[in-house]
Amino acid sequence: MKIAIVQMDIIFGEPEKNFAHVEQYIKEAAKENVDVIVLPEMWNTGYALERLDELADQNGEKTQDLISRLAQVHQVNIVAGSVSTKKEDGFYNTMYIANRNGEIIADYDKAHLFKLMDEHKYLNPGQKMNVFEIDGIKCGGMICYDLRFPEWTRKHTLSGAQVMFIPAEWPKARIDHWKILLQARAIENQCFIVAVNRVGADPNNAFNGHSMVIAPWGDLLICNKTEEGIFYTELDINQVSRVRKEIPVYEDRRVDLYN
Ligand SMILES: NC(=O)CCC(=O)C(=O)O
């Protein structure tokens, strides 16, 4: 599975400009014949939460139209990070995934809302998990702060996910947490982690990238990139079963002791 991760800047409260940037990035990444393109969190508006009524994507339609069109034209899967959406009962932080045929195969609303960035004041939390298939490989997706809840990743890998996609707007101030938690999630769940963070700044935070792609043994395939750009790598999915055979963590779990 060839992956392109888009470590982009996000223009605060300017969805038109961000849509245009994302379109350019997807076109550029698609030229490299990749299987999956991955975007960061809330790339349409950034954390302009006070203006969501005016800015959020109505039912995610604009986002779904864009990624569906580009996925079909370029025959590429797109894990479209997340965008702010306006639905019937309020606002959400929503991830959409399009397959090579341009079909939207999954959507996910961020389950754990991050109080330090005021998400709980403006957004509704999601109520379901997010497992989907890309080219026959079971994958899972969650968003940024969800990473701090190990049981959430484990629930996805127990459902068969071999690759976890994690878009983020994770500030520079806590970037060490990001790196350590991502590597731990990969090692403990013996899965690939594909985690995309933004760069740049908004009125409250600075962001320094460090998007990471980590193999099931904990090897770092992409890490420590702080500049804006697209980064590429390839996942050897067979590593998941090899690592799980070598250290049979899933067989050795003591579920009888956990509840
Ligand atoms: N956008 C987010 O969910 C940020 C999470 C974060 O910064 C953290 O420390 O957790």
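This one's a predicted model, so the numbers in the text were calculated from it and none came from an experiment.

A. Representation of a nonpolar patch on the surface in the model. A cluster of nonpolar side chains, V255, L257 and Y258, forms an exposed patch at the surface whose accessible area comes to about 310 Å². Here V255 is to be found in helix α9 (residues 255-258). What makes V255 partly exposed here is its relative accessible area of 42%.

B. Looking closely at the nonpolar core. One finds V163 and F165 to be the most contacted residues of the largest nonpolar core, which totals 47 residues. Those residues in contact with F165 that lie beyond four places of it in its chain are I3, V36, V38, V79, M95, F132, I134, C139, G140, G141, M142 and V194. If you look at the next biggest cluster of nonpolar residues, it comprises 25 residues, including I26, L39, I78 and V83.

C. Seen up close, empty space enclosed by the protein. Overall, the coordinates contain one cavity of 30 Å³ or more when judged by the stated rule. Looking at the lining of the largest cavity residue by residue, the class counts come to six nonpolar, no polar and three charged.

D. The arrangement of the site of the ligand in detail. All residues in the neighbourhood of the ligand are listed as E41, Y47, K110, F114, M117, C144, Y145, R148, E169, W170, P171 and R174. Y47 places a side-chain nitrogen or oxygen 3.0 Å from a nitrogen atom of the ligand. K110 places a polar side-chain atom, nitrogen or oxygen, 2.7 Å from an oxygen atom of the ligand. Compared with its free state, where it exposes 300 Å², the ligand has 100% of that area covered by protein. In a pocket analysis with a 2 Å cut-off to the grid points, the ligand is assigned to the largest cavity.

E. Structural view of the sheet that holds strand β8 (residues 131-134). One open sheet accounts for six strands, arranged β8-β9-β10-β11-β14-β15; its pairing is mixed. At either end of the open sheet lies a strand with only one pairing partner, and these are β8 and β15 (220-222). Taking the axes of each pair of neighbouring strands and ignoring which way they run, one obtains an average angle of 25° across the sheet. Bridge count for strand β11 (residues 192-196) against strand β14 (residues 212-214) is three bridges, and the pairing is antiparallel.

F. Seen up close, the UniProt feature "domain: CN hydrolase" (unreviewed entry) in the protein chain. In this structure's numbering, the residues bearing the UniProt feature "domain: CN hydrolase" (unreviewed entry) are residues 1-237. For residues 1-237, the end-to-end C-alpha separation is 7 Å, with 26% helix and 30% strand making up the annotated structure.

G. Spatial organisation of the packing of aromatic side chains. Scanning all chains against the criterion turns up five aromatic pairs. Where F19 meets W43, the ring centres are 4.9 Å apart and the plane angle is 75°; that geometry is what we call edge-to-face. Taken together, the positions of F19 in helix α1 (residues 15-30) and W43 in the loop between β2 (36-38) and α2 (52-55) put the pair 24 residues apart, joining distant regions of the chain. Classification of F19 by relative accessible area gives buried; the value is 7%. Of the aromatic side chains, those joined through ring pairs into one cluster are F114, Y145 and F149.

H. Fine view of the pairing of β8. Side chains F132 and I134 project from β8 onto a buried face, and the interleaved V131 and E133 project onto a face without burial. Pairing of β8 with strand β9 (residues 137-141), which is carried by four bridges, proceeds in the antiparallel orientation. Across the sheet, residue E133 finds its bridge partner in β9, namely K138. Where β8 hands over to β9, the hairpin turn is made up of two residues, of which D135 adopts a positive phi near 50°.

I. The arrangement of the packing of α1 against helix α3 (residues 61-74) in detail. Direction vectors running N to C along α1 and α3 enclose 15°, while the axes themselves pass 11 Å from each other. By the angle class used here, α1 and α3 are roughly parallel. At the point where α1 passes α3, the crossing takes the right-handed sense. The residues of α3 that touch α1, namely those facing E16, F19, V22, E23, I26, K27 and A30, are K62, T63, L66, R69, L70 and H74. Taken together, the residues that form the contact of α1 with α3 break down as six nonpolar, two polar and five charged.

J. Highlighting the layout of surface pockets. Of the pockets and cavities examined, the largest pocket occupies roughly 250 Å³. Its residues assigned to classes, the lining of the largest pocket shows seven nonpolar, two polar and four charged.

K. Structural context of the environment of A215. Looking at where A215 falls in the secondary structure, it is placed in the loop between β14 and β15. With residues up to four places along the chain from it excluded, the contact list for A215 reads A186, C191, F192, L221 and Q239.

Conventions we followed
- Residues numbered from 1 in each chain as written.
- Predicted model: local features only at pLDDT ≥ 70, side-chain atom pairs only at ≥ 80, totals over all residues.
- Heavy atoms only, no water.
- Patch = residues over 30% accessible without salt bridge, like charges linked within 9 Å, V, L, I, M, F, W, Y side chains within 5 Å.
- Areas by Shrake-Rupley, 256 points an atom, 1.4 Å probe, with all protein chains shown as cover.
- Salt bridge = Lys/Arg side-chain N within 4 Å of Asp/Glu carboxyl O.
- Helix = DSSP H or I, 4+ residues; strand = E, 2+ residues; numbered from the N terminus.
- Buried < 20%, exposed > 50% of the residue type's maximum accessible area, 1.4 Å probe, protein only.
- Core = buried A, V, L, I, M, F, W, Y, C linked by side-chain atoms within 4.5 Å.
- Contact = heavy atoms within 4.5 Å.
- 1 Å grid on protein atoms, 1.4 Å probe; cavity = no way out; pocket = protein on both sides within 12 Å on 5 of 7 lines; lining within 4 Å.
- Points joined across faces, edges and corners; volume = space filled by probe spheres on them.
- Nonpolar A, V, L, I, M, F, W, Y, C, P; charged D, E, K, R; others polar.
- Near = heavy atom within 4 Å.
- Polar contact = N/O pair within 3.5 Å; in protein donor to acceptor, adjacent residues only side chain to side chain.
- Sits in = over half its atoms within 2 Å of the grid points.
- Pairing = 2+ DSSP bridges.
- Axes fitted to C-alpha atoms, helices over the stretch in contact; angles between N-to-C directions.
- UniProt positions renumbered as here; feature names shortened; annotations may be inferred.
- Phe/Tyr/Trp six-rings, centres within 6.5 Å; stacked < 30°, edge-to-face > 60°.
- Parallel < 35°, antiparallel > 145°, perpendicular 65-115°, else oblique.
- Left-handed = near helix turned anticlockwise from the far one by under 90°.

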